[in-house]
Amino acid sequence: MVRDWSFVARIVLAVTVTLGLAGCYEQEPRPRIAGEQHRVLLPPATRLARQHLIGRSVQGKPILVQIAGQGTDTVLIMGAIHGDEPASATLVEQLAAYLQDNPQLLTGQRVLLLPVANPDGYAARTRVNARGIDLNRNFETANRVDNSTNGLRPLTEPESQALQSLIKDYAPSRIVSVHQPLNCIDYDGPGQAIAARMAQESDMEVRKLGAKPGSLGSYTGEILGIPTITLELPLEANTMAEAALWQKYGKALLAAILYPERVP
Ligand SMILES: [Zn+2]
């Protein structure tokens, strides 16, 4: 009997070790950053987001864009051009994770995800960048006003320069910039239909807030003619858990990406 128990114990030990090792392997956190070579080596379901450095902030922080999907139609989704609107960054990060886990959603589409357009302001929780410039007033537009907050001329800041280069290089067909705290959906340029679809997928209303001088929307929407949507989350989005934030507002972002198709 003693021998029998020893035999059983060895079997149990062997199975436990095998399952344990398998479990460890599967539970290893998936890296969020990967080089181009992974695109070929990994099957689509586990393809990792490609992350690219598009510039550096005044204080030298990296400005990073993740790219999901492949195709000719490009959508730019960005957050935290104002650093004191942290839920905007969280929501874009949630979108990046969702698209990574659901790559089948994107067919012939490439999504540029820029969670933090103003890294210095985001770190300091200030609206402006490290030089006190509002990046969302730093673009070259017809309604531009030069001053010490907007910049004494257009594109004085490395962050706005990086964003303009990204837009010129990738030519997105639509742009969503997530902000806080006005709890509505605004648009510039030919973005009304996309804004309306986003409103259908959320409890927010489309509201024209008026073109702001030197804003990204005034530049990309009015000058370049790219549908540019401003998704204004409410202030209380800052206190929502990440999953709840995604649950409530994620569909609006997916609606903008998949338009004119509906969110499944
Ligand atoms: Zn804002």
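The structure we're discussing is the one just above.
Calculation notes
- Residues numbered from 1 in each chain as written.
- Predicted model: local features only at pLDDT ≥ 70, side-chain atom pairs only at ≥ 80, totals over all residues.
- Heavy atoms only, no water.
- Helix = DSSP H or I, 4+ residues; strand = E, 2+ residues; numbered from the N terminus.
- Contact = heavy atoms within 4.5 Å.
- Axes fitted to C-alpha atoms, helices over the stretch in contact; angles between N-to-C directions.
- Parallel < 35°, antiparallel > 145°, perpendicular 65-115°, else oblique.
- Nonpolar A, V, L, I, M, F, W, Y, C, P; charged D, E, K, R; others polar.
- Expected span 1.5 Å × (residues − 1).
- Bend = angle between axes of the 7 residues up to and from the residue.
- Buried < 20%, exposed > 50% of the residue type's maximum accessible area, 1.4 Å probe, protein only.
- Pairing = 2+ DSSP bridges.
- Donors = N, O, S within 2.8 Å, 3.2 Å for Na, K, Ca; no water.
- Tetrahedral: all angles 85-135°; square planar, octahedral: opposite > 155°, others 65-115°.
- Left-handed = near helix turned anticlockwise from the far one by under 90°.

Moving on: the environment of isoleucine 77. For isoleucine 77, the position within the fold is in strand 3 (residues 73-79). Not counting chain neighbours up to four residues away, the residues in contact with isoleucine 77 comprise Val92, Leu95, Val111, Leu112, Leu113, Leu114, Val176, Leu253 and Ile257.

At a minimum axis separation of 9 Å, helix 3 (residues 86-101) and helix 8 (residues 242-258) run at an interaxial angle of 70°. With respect to helix 8, the axis of helix 3 lies roughly perpendicular. Within the contact between the two elements, helix 3 uses Ala87, Thr90, Leu91, Gln94, Leu95, Tyr98 and Leu99 and helix 8 uses Glu242, Ala243, Leu245, Trp246, Tyr249, Gly250, Leu253, Leu254 and Ile257. Residues belonging to the contact of helix 3 with helix 8 are distributed by class as follows: 12 nonpolar, 3 polar and 1 charged.

Take helix 8 next. Along its 17 residues, helix 8 runs 22 Å from first to last C-alpha, staying within 8% of the 24 Å computed at 1.5 Å per residue. Along helix 8, the largest kink reaches about 50° and is centred on tyrosine 249. Those residues of helix 8 that sit buried are Leu245, Trp246, Tyr249, Gly250, Ala252, Leu253, Leu254, Ala255, Ala256, Ile257 and Leu258. Buried-residue contacts for helix 8 involve strand 3, helix 3, strand 4 (109-114), strand 5 (174-179), helix 6 (192-200) and strand 7 (228-234).

With that settled, the discussion passes to helix 5 (residues 158-170). With 13 residues, helix 5 extends 18 Å between its outermost C-alpha atoms, agreeing within 8% with the 18 Å of an ideal straight helix rising 1.5 Å per residue. When helix 5 is considered as a whole, its buried residues turn out to be Glu159, Ser160, Ala162, Leu163, Gln164, Leu166 and Ile167. Among the residues trailing helix 5, alanine 171 stands out with phi positive, at a value near 45°.

What the 7 strands build is an open sheet, ordered 1-2-4-3-5-7-6; its pairing is mixed. Because the sheet does not close on itself, it has two edges, and the strands there are strand 1 (50-56) and strand 6 (182-188). Strand-to-strand, the axes of this sheet are offset by a mean angle of 20°, without reference to chain direction. Relative to strand 4, strand 2 (residues 62-68) runs antiparallel, the two sharing 3 bridges. When the bridges of strand 4 are listed, glutamine 66 appears paired with leucine 113. Packing of helix 7 (residues 216-223) onto the sheet brings it into contact with strand 3, strand 5, strand 6 and strand 7, and relative to strand 6 it is tilted by some 35°.

Distances from the zinc ion to its protein donors, namely His82 (ND1), Glu85 (OE), Glu85 (OE) and His179 (ND1), fall within the range 2.1 to 2.4 Å. For the zinc ion, the 4 donor atoms in the first shell make angles of 57 to 147° at the metal, a pattern classed as irregular. Taken in sequence order, the residues that donate to the zinc ion follow the motif H-x2-E-x93-H. Residue histidine 82 is classed as buried on the basis of its relative accessible area of 2%.

Another point: the packing of helix 6 against helix 8. The interhelical angle for the contact between helix 6 and helix 8, taken along N-to-C directions, is 145°, at an axis separation of 8 Å. In terms of crossing hand, the pair formed by helix 6 and helix 8 is right-handed. Packed against helix 6, whose contacting residues are Ile194, Arg197 and Met198, the element helix 8 presents Ala252, Ala255 and Ala256 at the interface. The residue makeup of the contact of helix 6 with helix 8, split by class, is 5 nonpolar, no polar and 1 charged.

Regular strands show a simple pattern: their side chains alternate between the two faces of the sheet. Here strand 2 lies mainly inside the structure; 5 of its 7 residues are buried. Pairing between strand 1 and strand 2: 6 bridges, direction antiparallel. From the neighbouring strand, glycine 55 faces strand 2, where its bridge partner is isoleucine 63. With antiparallel pairing between neighbouring strands as the criterion, strand 1 and strand 2 make up a hairpin whose turn holds 5 residues, including glycine 60 at a positive phi of roughly 90°.

Any functional reading would require information beyond the geometric quantities listed.
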